[in-house]
There are 2 protein chains.
Amino acid sequence: MGWIDEVFDGVRYGLEGTVVAEQDSAFQKVTIIDSQRYGKGLLLDGCWMTAERQERHYHEAIVHPALCSAERIERVLVIGGGDGGTARECLRHAGVQHLDLVEIDGLVVEWSQQYLPSIGGGCWSDPRFHLTVGDGIAWAANAPEASYDVVIVDGSDPAGPAEGLFNRAFFEHCRRILRPGGVFATQSESPEAFRQVHIDTVKLIREVFGHADPLYGWVPMYPSGWWSWTFAATDGRRYLQPDPARAAAVDCGCEIWSPRWQRGAFDAVPAAIERELG
Amino acid sequence: MGWIDEVFDGVRYGLEGTVVAEQDSAFQKVTIIDSQRYGKGLLLDGCWMTAERQERHYHEAIVHPALCSAERIERVLVIGGGDGGTARECLRHAGVQHLDLVEIDGLVVEWSQQYLPSIGGGCWSDPRFHLTVGDGIAWAANAPEASYDVVIVDGSDPAGPAEGLFNRAFFEHCRRILRPGGVFATQSESPEAFRQVHIDTVKLIREVFGHADPLYGWVPMYPSGWWSWTFAATDGRRYLQPDPARAAAVDCGCEIWSPRWQRGAFDAVPAAIERELG
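The structure displayed is predicted, hence computed values, not measured ones. (Residues numbered from 1 in each chain as written. Chains lettered and ligands numbered in written order. Predicted model: local features only at pLDDT ≥ 70, side-chain atom pairs only at ≥ 80, totals over all residues. Heavy atoms only, no water.)

Structural notes on the environment of B:Tyr38
Position of B:Tyr38 relative to the elements: it lies in the loop between strand S3 (29–35) and strand S4 (39–44). For the pair B:Tyr38 and B:Trp261, spaced 223 residues apart in sequence, the C-alpha to C-alpha distance is 23 Å. Those residues in contact with B:Tyr38, other than ones at most four positions away along the chain, are A:Val11, A:Glu192, B:Tyr13, B:Leu15, B:Ala51, B:Glu52, B:Arg53 and B:Gln54. (Helix = DSSP H or I, 4+ residues; strand = E, 2+ residues; numbered from the N terminus. Contact = heavy atoms within 4.5 Å.)

Here it is in structure tokens:
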């Protein structure tokens, strides 16, 4: 047993455990660890991504505000999300008929299936689930107009393979490929550890969609522990109002998310960030 | 430069920096560090307490919901809080006429004044501020009935000198010494790292006051980063409604707190905790 740490800007967050597997893929260093506190976990280029007993904070927050509010939810696109957690939460909604998951790094998928099976749960064998190992940015650029009801961007920080997930051209394609009444969701970094990236991302999505709202929650293993996800839609702020029937069908299985929690998480904009967002 | 870590339950949170001063007081080991990321900081018995550039998350959250909602705010009692940050935020409210701060450990006060002067700010020389180095539990037990408008418990985890800040007898005295329309606030631990203590504390305060509401926020340096404070009042849930004039007088100086943030932070009860609290 030793410490596996992510170091960021003079701060480190470490879990006690052992490295189970580590390999350089074509894109990044992929590490699987086994920790005492949170079970098995995944790092990419030394940055914490997820762990078996700390993944719900992230996956419930990015999925249910979108899946409970889009006008239809038949066709869902997940870009990134190779651990399967986002797909798993989406597929808990019976209305989903087809989910495309486009993950750039096949090793992340392979090792998530092998070492972190509880995170993807039943998604890997769900007939509605369609995996493509490839470039999600190109996928969004090439997808037909109005071809998805929900687009979720579950990527890592804007460096390395995820850099192109934070620019105007990409967000414009995400908007273009949404059907009317469709909802867009992306992780939008920490308002504390990545404050400027967070603010710039929310502002850029507001420019592209005409509006957007950050939601604030926690992922203890991420820098500062304080995280955000940002939502937009083709026809206004519909993600603020979860459909009661869809919410009731999933919330009993949630650890974090509920309609009440979501309402609070959208309101809990820290004062200084609210002043900057205007 | 090296790492100064708090280790808790297989997780560590560390800041890169140097130890500036360290000494065993009569109650605990007191450490002052100088960190690259958050400036100077304080640990007690190896646990992170506060730091110059990470203290507002805590102090704004524990103070303003109470100070903006109590019927009167002339007389305030702070138990613990020897770094001065809670007193500083209270004294920003012009209506406060007398603030008693009762901190058990004189070395915490002395070193906070010497090494962390920005945290206490002007509190130490404010004529409304009255410091007692002594036992806050005994102070609450001995204070006359209905002698304070606000009681704030700014203590450390329920072990060592702070253990008695989490039991029924103490909470009953806090209630007894509040005037009608008075508000009680306490830190109530992490819903993640100290989940059972958090739940037990909220339930116990509910038994004593007939109601109580946890508010959820972030203190990156505390275990899991995810933290709570719990509020109660003599005459119902008045802390849910900040007085607009009092709020307007302080919110421009806040980094985190605003009436909107507070509304969200009270709503953002994680689903599994809400089910347990009933």
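Brief notes about the side chain of A:Ser69
All names here are of chain A. Within the secondary structure layout, Ser69 lies in the loop between helix H1 (56–67) and strand S6 (75–80). A distance of 2.7 Å separates the side chain of Ser69 from the backbone oxygen of Pro65, its partner in a polar contact. When sequence neighbours within four positions are dropped, the list of residues in contact with Ser69 reads Val183, Arg238, Tyr239, Gln241 and Arg246. (Polar contact = N/O pair within 3.5 Å; in protein donor to acceptor, adjacent residues only side chain to side chain.)

Focus on the pairing of strand S4 (residues 39–44) of chain A
Note on strand geometry: in a regular strand, side chains alternate between the two faces of the sheet. Residues and elements named next belong to chain A. Where burial is concerned, most of S4 is hidden: five out of the six residues are buried. Where strand S3 (residues 29–35) meets S4, six bridges bridge the pair, whose relative direction is antiparallel. Looking at the pairing, Ile32 lines up with Leu42 of S4. In this structure, the hairpin formed by S3 and S4 is closed by a connection of three residues. Across four bridges, S4 lies against strand S5 (residues 47–51) in antiparallel orientation. Looking at S5, one finds that Gly41 is bridged to Ala51. Counting the residues between successive antiparallel strands, the hairpin from S4 to S5 contains two residues, one of them, Asp45, with a positive phi of roughly 50°. (Buried < 20%, exposed > 50% of the residue type's maximum accessible area, 1.4 Å probe, protein only. Pairing = 2+ DSSP bridges.)

Topic: the sheet that holds strand S6 (residues 75–80) of chain B
Residues and elements named next belong to chain B. Taken in spatial order, the seven strands of this open sheet run S8-S7-S6-S9-S10-S12-S11, and their pairing is mixed. A strand with exactly one partner marks an edge of an open sheet, and here the two such strands are strand S8 (129–133) and strand S11 (213–218). Across the sheet, the mean angle from the axis of one strand to that of its neighbour is 15°, orientation sign disregarded. Across the sheet, helix H6 (residues 168–176) lies against S6, strand S9 (148–154) and strand S10 (178–187), angled at about 145° from S10, the strand it touches most. (Axes fitted to C-alpha atoms, helices over the stretch in contact; angles between N-to-C directions.)

A few points about the pattern of salt bridges
Residues and elements named next belong to chain B. Tallied over the full model, the rule gives 42 salt bridges over all chains. A salt bridge links Arg179 to Asp149, with the nearest nitrogen and oxygen atoms 3.1 Å apart. Of this pair, Arg179 sits in strand S10 while Asp149 sits in strand S9, and the two are 30 residues apart along the sequence. A salt bridge links Glu276 to Arg195; its shortest N-O distance comes to 2.9 Å. Residue Glu276 is found in helix H10 (residues 271–277), and its partner Arg195 is found in helix H7 (residues 195–209); the two are separated by 81 residues along the sequence. Residue classification places Glu276 among the partly exposed positions, given a relative accessible area of 33%. Given the relative accessible area of 30%, Arg195 is considered partly exposed. (Salt bridge = Lys/Arg side-chain N within 4 Å of Asp/Glu carboxyl O.)

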